[in-house]
Amino acid sequence: MDAFRFSRWLVSCSLAALLCGCGGGGGGGSAALPPVTPLAPPAAGPAQSVPFTISLPSPSSASAAARRPRYVSAGTKSAAVAYAGQKQIINCANNACSGLLAVPPGQITFVATLFDQFDGGGNALAQGQTSSTIVAGQPNHIQIVFGGVVASLALTLAPSTVPAGTPASVAVVVTAKDAAGYTIVGSEPFTSPVTVGDDDTTGATSLSATTLAGPAAVATLSYNGSGNGAAVHLSARAADPAVAAASATFTIGAKPTPAPSATPVPTPVPTPTPVPTPLPTPSQNPRSVVWSIGDPWGLPSTADGQNPNGPSFSNAPAACVAQQSAAQCTGGAGAVSFHVERADTHTIPAPQYRNMMIVQKWNADHSYAFNYQLVPNGAYDVRFQTVNRMKDDAQYVQSLIWQNHAGDGSVMTALGMDNPDGRGNQFYFNSGGHEGGIADPFTWHGPAVQGGVDSWEIQFRNAQDSSGWIDLYRNGKREVHYSGPVVKTTAYDLMSFGIYYYNWEIARSTILSTDITFNYFELSTIPGPVAPL
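Residues numbered from 1 in each chain as written. Predicted model: local features only at pLDDT ≥ 70, side-chain atom pairs only at ≥ 80, totals over all residues. Heavy atoms only, no water.

**Q** Talk me through the packing of aromatic side chains; I want residue IDs and the actual numbers.
**A** Enumeration over the complete set of coordinates arrives at 16 aromatic pairs. Seen from their ring centres, tryptophan 297 and phenylalanine 313 are 5.9 Å apart, and the 50° between their planes marks the pair as tilted. One end of the pair, tryptophan 297, is in strand β21 (residues 297–299); the other, phenylalanine 313, is in strand β22 (residues 312–313), with 16 residues separating them in the sequence. Each of the two residues, tryptophan 297 as well as phenylalanine 313, counts as buried. Ring pairing ties together the aromatic residues Trp291, Phe338, Phe384, Phe497, Phe518 and Phe521, which thus form one cluster. (Phe/Tyr/Trp six-rings, centres within 6.5 Å; stacked < 30°, edge-to-face > 60°. Helix = DSSP H or I, 4+ residues; strand = E, 2+ residues; numbered from the N terminus. Buried < 20%, exposed > 50% of the residue type's maximum accessible area, 1.4 Å probe, protein only.)

**Q** Break down the sheet that holds strand β14 (residues 194–198) for me, citing the residues and quoting the values.
**A** Backbone hydrogen bonds hold the strands of a sheet together, and the pairing may be parallel or antiparallel. On the basis of which strands lie adjacent, the open sheet formed by five strands has the order β11-β19-β18-β14-β16 and mixed pairing. Whereas interior strands pair on both sides, the edge strands pair on one side only; in this sheet they are β11 (161–163) and β16 (211–212). Sheet topology note: the β14/β16 ladder contains two bridges and is antiparallel. The residue of β16 that forms the bridge with threonine 195 is threonine 211. (Pairing = 2+ DSSP bridges.)

**Q** Report on the nonpolar core, specifying residues and quantitative values.
**A** Generally speaking, nonpolar side chains in soluble globular proteins are found buried as a group. Trp402, Phe460, Phe497, Phe521 and Leu523 are the most contacted members of the largest nonpolar core, which has 45 residues in total. Contact partners of phenylalanine 497, with chain neighbours within four places excluded, come to Trp291, Ile293, Val336, Phe338, Met356, Met357, Ile401, Trp402, Phe518 and Phe521. With 30 residues, the next largest nonpolar core counts Leu153, Val162, Val194 and Leu221 among its residues. (Core = buried A, V, L, I, M, F, W, Y, C linked by side-chain atoms within 4.5 Å. Contact = heavy atoms within 4.5 Å.)

**Q** Just give me the short version of the state of the cysteines, but keep the residues and values in it.
**A** A full pass over the atoms with the stated rule returns one disulfide. Each disulfide pairs two cysteine sulfurs, and for cysteine 92 the partner residue is cysteine 97, the sulfurs being separated by 1.8 Å. On the sign convention where negative is left-handed, the bridge of cysteine 92 and cysteine 97, at about 90° about the S-S bond, is right-handed. Residue class for cysteine 92 comes out buried when judged on its relative accessible area of 9%. (Disulfide = S-S within 2.5 Å.)

**Q** Which residues make up the pattern of salt bridges, and what values go with them?
**A** Going through the model one piece at a time under the given rule, you end up with five salt bridges. For arginine 383, the salt bridge goes to aspartate 381, with nearest N and O atoms at 3.0 Å. A relative accessible area of 34% places arginine 383 in the partly exposed class. For aspartate 381, a relative accessible area of 1% gives the class buried. In this structure, the salt-bridge partner of arginine 423 is aspartate 421, at a minimum N-O distance of 3.0 Å. Under the relative-accessibility criterion, aspartate 421 is labelled partly exposed at 32%. Overlapping salt bridges, with partners in common, bring together Asp381, Arg383 and Glu457 in one network. (Salt bridge = Lys/Arg side-chain N within 4 Å of Asp/Glu carboxyl O.)

**Q** Hey, could you go over the confidence of the model for the protein chain for me, with residue numbers and the actual values?
**A** Residue-level pLDDT values for the protein chain average 77, and 74% of them are 70 or greater. Every residue in residues 61–69 is under pLDDT 50, and counting partners more than four places away or in other chains gives 22 contacts. Within the model, the stretch residues 274–284 combines pLDDT values under 50 with 13 contacts to residues more than four positions away or in other chains. (pLDDT = per-residue confidence, 0-100.)

Shown next as structure tokens:
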């Protein structure tokens with residue numbers, strides 16, 4: 001277990017308050033720090049006594065705190081604070097680094113570096129820099145955010161192998177550790193970015209990003225379906241050449257050779273005996289696909305600036321035109337990725353924080369798209385596959401990724417992500433009309449893994465009374481069976497998928513951006529007599 005320790009721990013520190021950071025460097029080899037801004041000479045006036053405190057996690061508790069928003073390495077043993085032409089070393093003891101700084105008044109630049117040995121020795125784990133005006137005779141509050149120093153890298157792909165001829169989206173997951181062996185986490189950037197590259201010269205694959213600024217940054221390898229039996233080698237490198245590069249291999253499987261067809265031999269056909277025809281169940285009924293990625297779709301209003309670019313396709317891009325308060329779009333092939341972001345955690349977009357595709361159909365007679373309305377009491381089968389890149393958020397914060405949305409604005413049936421116990425995101429399923437609030441009312445949760453690929457199937461009878469039912473399948477296993485109302489009103493009932501926060505959820509959120517990818521999405525109708533499995 002020690003080989004996979006986390007450096008996640010909320011830092012409480014002050015210069016009357018020196019604040020926070022994420023882990024970084026030491027132990028397994030040192031990593032170079034970037035140059036810092038030269039410190040100003042001491043200012044005139046009597047020095048102010050400013051307390052300096054950093055609360056550290058114990059190594060045994062670092063993994064338990066692994067999902068808090070800002071962290072520092074549990075391997076920290078000393079801190080060096082440089083300011084006004086001087087440097088002060090503060091050793092750590094009893095899970096804290098505490099001391100007093102004598103800071104002259106005036107505009108002061110502070111550079112704080114954390115080390116894995118006492119007296120500022122060993123390897124640098126993290127570094128932060130800020131400038132602030134120190135005023136004599138009053139408390140002075142300064143914030144420093146630490147960036148982790150990368151000492152080792154690991155690179156994994158999910159999935160690492162795909163069959164030839166089938167387009168796919170692959171999560172490229174880079175794990176950076178400090179020299180003390182702790183994984184660098186959090187939303188702050190590394191002291192120097194990590195670069196990602198590959199050796200593909202055929203054009204069969206492409207990377208969504210080649211520079212990862214911090215542990216929260218993600219990259220995707222998109223495969224367009226070409227190639228046969230090929231291997232693409234990927235690498236991740238730190239800015240410091242002393243840090244060994246990490247590598248992983250993406251394999252495109254060989255196309256199977258079709259077996260020769262045998263010459264059929266006529267077989268006498270016996271006279272059949274009539275038997276009663278049983279009523280079909282959903283699994284026996286033929287599906288009729290009514291929508292899939294590539295068909296027309298609607299994009300929510302771009303006026304609030306939450307989805308100015310819309311969903312991103314791995315193959316052909318979409319063509320969209322403005323239509324009243326929304327955009328009507330055609331085209332777009334392959335996997336589709338959704339991304340939302342905001343400037344800071346104090347910004348609360350209005351009215352929602354979203355980037356979703358609304359399922360639409362094309363009217364050939366009038367040359368425009370219209371929202372595909374679910375039929376009252378109709379039976380439907382929804383199949384899609386997700387690649388999870390949703391970042392861990394604060395406790396109880398919920399985000400929809402698929403929903404059956406009634407015309408009155410209510411959502412009684414939805415799949416989403418939330419943090420029910422403060423230990424990180426989990427998938428949830430809403431099958432009883434719960435939405436929003438400061439608690440977690442959902443009856444089903446499933447584990448959510450960063451970069452994890454899941455296949456989902458949701459069968460339901462779209463009724464607003466007790467004749468409704470829902471079956472939720474994850475990776476072929478039925479997780480939920482529900483009987484009862486599926487929607488409050490079947491009038492103007494629509495379906496959408498992507499990322500959707502309610503405004504009261506984003507007000508409690510602690511992240512700036514998040515992402516999810518749908519490798520495919522298909523909506524079908526189920527004809528005939530229908531009952532739950």
